[in-house]
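The primary structure of each chain is shown beneath.
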Amino acid sequence: MNLAERLGDHRRLMVPTILLVVVALLGVLAPGNVGFIGSTWAAVAITAAVQGLIALSAGMLFGRAGLLSLCAVSFVGISAWVNAWLVVHASLPFFVNVLIGAIAVIPFGILVGGLAVRLRGVNLAIVTLTFAAAVVGVFGSHKFPGSQDDKNRGARPIGFQSDRMYFLLCFMVLVACGLALEWYGRRRNGLAWRAVRSSERATAGAGLSVPMVKVNAFVVSAVLAGIAGGLFMGQYKGSISEATFLPVASMVLVASAVMVGAQSLSGAVLAGLLASVIPEIFDRNGWATEYPQILFGLGAIQALSQGGGGISAGFPWRRPQHSTRPTPEPPPEVAATAIAAGGAAILDIRNLTVRYGALTALSEVNVKVPAQTVVGVIGPNGAGKSTLVDAVCGFVTNYNGDVVLNGRPFDAMSATNRARAGLRRTFQQGRAIPELTVGQYINLSVAKPLPADELEQLLGFFQLPPADEPISLIDVGTRRILEVAASLASRPQVVFLDEPAAGLGAEQSALLGQHIKEIPARFGCSVLLIEHNVELVAEVCSEITVIDFGVVIAHGTPNEVLSNPIVARAYLGEEIEHEVGVDVEGALQ
Amino acid sequence: MLDLAVAGLAGGGVYALIGVCLVLSFRVGAVINFSQTFSAVLAVYVMSEFIAHGWNQWLAIVAALVMGGFISAVQGWVMSRLFSNASVLVRSTVTIGMALSFFGITTRIFHDTQRLFPRLFSSVKFKIGTVTVTGATIASFLGAIVIALVVWLVLGRTRVGVILRAVSGRPVTAELMGVRTSRYVVFVWTLTGVLTTAAIVITAPSRRSIPNMAFLIVPGLAAAIIGSMRSFLLTVVGGIAIGMIESVAPMWDRGEKLGIGDYRPALSFVMVTLALLWSQRKETWNESR
């Protein structure tokens, strides 16, 4: 295995990173005023690095987790306040101060992240804006320690006293944080941010806890801001005032993060440069310093009108590229061992009743899923099929009745915990996340990443593209099959497939049927298939339950069910009564 | 204590009025307009320039209202042209960009210098018992209530109200039924622009600086959230409550040194948080199936 392969997905990051480090080193090491970081620009370069780090903190929340927070600068301020206090009252080493500052903001990250659990989207923006106003207000009465005297407290570490060296330090911290974020963003916790942004239900369906994912995102963002707060102290040599952390600063930051797309290292560096160099150029030429604000405001609007990726989405290393790996080979066939209907039930749904206000969506529904079989649930539109999945998988909690998996009652468990305990589902509307690769999406739904050969087999079996293919480049039908594959990756005991063939062509649909038939033998798991495609259901299921208006109207083998006149009437309406010539009323009684 | 509470009515009325406008643009335009006060502040500073040039103050105020309405109308037009299909989050983020731009423009032109703002209704002042009531207090307090009432009546009881609600609920359906959606959106933006400018005009003499006026959006948002972004009545109650608590809060310090007064700026945060947690207590998932 050569180096490029071992680096895997990370290799595309190397180009921008090496480029950045070389340019920065050249700037620092060049003699006298020759380097672009000559003494006059060194302070600007420090600002660029620190602002870049703050932009990374705001950009990861908006760009990766889809959380609009207007208090990024407040986290920086809180950490800077703690650092200022430490500089005045304790003489600890610089790096210890930075560390304490970063740790000190974690409780605030948890507080705001905890609010984000309920308050998503724009409500979160409102809360964080009022939080930012509150923090600055409190700073007004609790001034920054040491800001009232003119003492110059050397807050920089030994060896990094000069502006050049301090820039180097800040820049290295920025690069390290950017790479760490990139690394973390490819682990399950980091991938989960994108999942939460895309769909909270699908996140829970993959066995991830939505509250934990959000709190985790805020804590990571707060720590990045906290580190920046520590660097701030050194930048301004210990004299900071609350005016630096006005809510407007957070708004500028969010706008610039949106404008460039600062969720990645290269985007953050660009945001930092914009936030430092442009004001400096304006300042030096005697132009108004307010223009950059106006520029970022308009830039953000422009970026949002283009779909929100920001400038950095156009960087060559950020553009999705087709995989160069070979398509995974399909594994050898396994004889689909048809297990006779009527075996011991692994999943037992008893007397399930769901009411939405006055409407009874499901009434006393009983379904048994025997081990290692494929059973089907069919019914006309609005019959209550998806409500059944929602209730059994924990997305509708106020139901009556029992859900028992393997003898274990599930009724008190959350959707996340049901998924973890071996009950997985797919959704009617596609929930694959376009920003991820095929392999990342599959690993999102398993506690530990699948071993490479197992992943290869899974992809091969479903005839999916290679693991490093970006989902944004595959077609919608294949994405749906990918969702089925992902739901099986964790080796669940039962998987609910909610209309997996919706939107597939006839050929793809037949192939999917073949695959579903093999699932029990290959994955040791039962399937409950919900489908409109009656042909598909009849082909793959050993038993079928028919629901209409929330009531089970028929149950049995495909042949029994499909020849049942009541079923035909439910699907085709009253006319069937005369055509078939059966006494449906009598049969119903 | 009581006179402090009454003094709080003036600020509370302004918060309530800003809150009512926020609720209106959310209900009709499906956006949280963070830039609402920012564009109004620009209009109010232009007004102060007119007054400095010797204009009659009422003429200057009318000019400010027209300008506030016009700026807001342009924003509404941009919104309906570029972002009519975007999510509430994206649309609201756009208004953050707009807010920043207005903030930059206002600061650039007026440099945050001390300005002369007309003290309206200053001749009106009377006492009820020991409590002094000023004209500004009555104007903002009654203004907020009357406008909330009018807006509530128009939305709930008139044909225009029905159309506006249709535009907010199902813009495409409304369009297909022959409603010129963008026209109504622009109309609502104009209206909220005029009303917010009026609110800022009333409170300008006591706020003085650009950031102080612009960030009236914070208590305004708090009031709107107390009204769940839906109820005009609760928004008014919320805004007035915030104003009164803010005004009375320093009292808490006097007897015992609790130090709560120092944390008065956190009031909006605490109230918004509590109100949102309460109103969203049952919502679990961010989308339907």
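From a predicted model like this one, the values you see are computed outputs, not experimental measurements. (Residues numbered from 1 in each chain as written. Chains lettered and ligands numbered in written order. Predicted model: local features only at pLDDT ≥ 70, side-chain atom pairs only at ≥ 80, totals over all residues.)

A. How the structure looks around the overall build of chain B. Secondary structure assignment for chain B yields 12 helices and two strands. Listed N to C, the secondary structure of chain B is α-α-α-α-β-β-α-α-α-α-α-α-α-α in terms of helices and strands. Taken across its 289 residues, chain B has 49% of its residues classed as buried. Contacts in chain B between residues at least 24 apart in sequence constitute 74% of all its contacts with a sequence separation of at least 6. (Helix = DSSP H or I, 4+ residues; strand = E, 2+ residues; numbered from the N terminus. Buried ≥ 20, exposed ≤ 12 C-beta atoms within 10 Å, placed from the backbone. Contact = placed C-beta atoms within 7 Å.)

B. Molecular detail of the interface of chain A and chain B. Listed per partner, the contact involves 48 residues of chain A and 41 residues of chain B. Broken down by secondary-structure element, the contributors of at least two residues to the side of chain A that touches chain B are helix H6 (106-118), helix H7 (121-141), helix H10 (200-205), helix H12 (247-260) and helix H14 (291-305) of chain A. The element best represented in the side of chain A that touches chain B is H7(A), accounting for 15 residues. In terms of residue class, the side of chain A that touches chain B is made up of 29 nonpolar, 14 polar and five charged. (Nonpolar A, V, L, I, M, F, W, Y, C, P; charged D, E, K, R; others polar.)

C. Local environment of the packing of helix H8 (residues 163-185) of chain A against helix H11 (residues 210-235) of chain A. Residues and elements named next belong to chain A. Running from N to C, H8 and H11 point in directions that differ by 180°, and their axes come no closer than 11 Å. Taken together, the axis directions place H8 and H11 in an arrangement best described as roughly antiparallel. Together, Tyr 166, Cys 170, Val 173 and Cys 177 of H8 and Leu 224, Ile 227, Leu 231 and Gly 234 of H11 make up the contact between the two elements. The residue makeup of the contact of H8 with H11, split by class, is seven nonpolar, one polar and no charged. (Axes fitted to C-alpha atoms, helices over the stretch in contact; angles between N-to-C directions. Parallel < 35°, antiparallel > 145°, perpendicular 65-115°, else oblique.)

D. How the structure looks around the nonpolar core. Of all hydrophobic cores here, the largest spans 287 residues; its most connected members are Leu53(A), Ile54(A), Val20(B) and Val44(B). For Leu53(A), the contacting residues outside a window of four places in its chain are Val173(A), Leu174(A), Cys177(A), Leu224(A), Ile227(A), Ala228(A) and Leu231(A). (Core = buried A, V, L, I, M, F, W, Y, C linked by C-beta atoms within 7 Å.)

E. Quick look at the packing of helix H4 (residues 72-89) of chain A against H11(A). Residue and element names in this part refer to chain A. Closest axis-to-axis distance for the H4/H11 pair is 7 Å, and the angle between their directions is 45°. Classified by the angle their axes make, H4 and H11 are oblique. The way H4 lies across H11 gives a crossing that is right-handed. Mapping the contact onto sequence places Ala 72, Phe 75, Val 76, Gly 77, Ile 78, Ser 79, Ala 80, Asn 83, Ala 84 and Val 87 in H4 and Ala 222, Ala 225, Gly 226, Ala 228, Gly 229, Gly 230, Phe 232 and Met 233 in H11. (Left-handed = near helix turned anticlockwise from the far one by under 90°.)

F. Quick look at the pairing of strand E4 (residues 399-405) of chain A. All names here are of chain A. Looking at chain direction, strand E1 (residues 345-356) and E4 are connected through six bridges and run antiparallel. Counterpart to Val 354 in the pairing with E4 is Tyr 399. Here E4 hands over to strand E5 (residues 408-409) after two residues, with Asn 406 in that stretch at a positive phi of 55°. (Pairing = 2+ DSSP bridges.)

G. Structural view of the sheet that holds strand E10 (residues 551-556) of chain A. All names here are of chain A. If you walk across this open sheet you meet the six strands as E6-E7-E8-E3-E9-E10, and the pairing is mixed. Pairing within the sheet leaves two strands with one partner each, and these edge strands are strand E6 (423-425) and E10. Taking each pair of neighbouring strands and ignoring which way they run, the sheet shows an average axis angle of 20°. Sheet strands touched by helix H15 (residues 385-392): strand E3 (374-378), E6, strand E7 (494-498), strand E8 (526-530) and strand E9 (543-548). Its angle to E7, the strand with the most contacts, is close to 145°.

H. Up close: the confidence of the model for chain A. Summing up the model confidence of chain A, the mean pLDDT is 82 and the portion of residues at 70 or higher is 86%. In the predicted structure, residues 576-589 of chain A sits below a pLDDT of 50 and forms 15 contacts with residues beyond four places in sequence or in another chain. (pLDDT = per-residue confidence, 0-100.)

I. Region of interest: the sheet that holds E5(A). Residue and element names in this part refer to chain A. The four strands lie next to each other as E2-E1-E4-E5, forming an open sheet whose pairing is antiparallel. Of all strands in the sheet, those with a lone pairing partner are strand E2 (359-370) and E5, marking the two edges. As judged from the eight bridges shared by E1 and E2, these two strands associate in the antiparallel manner. From the neighbouring strand, Val 354 faces E2, where its bridge partner is Leu 362. The strands that H15 touches are E1, E2 and E4; relative to E2, the one it contacts most, it runs at about 70°.

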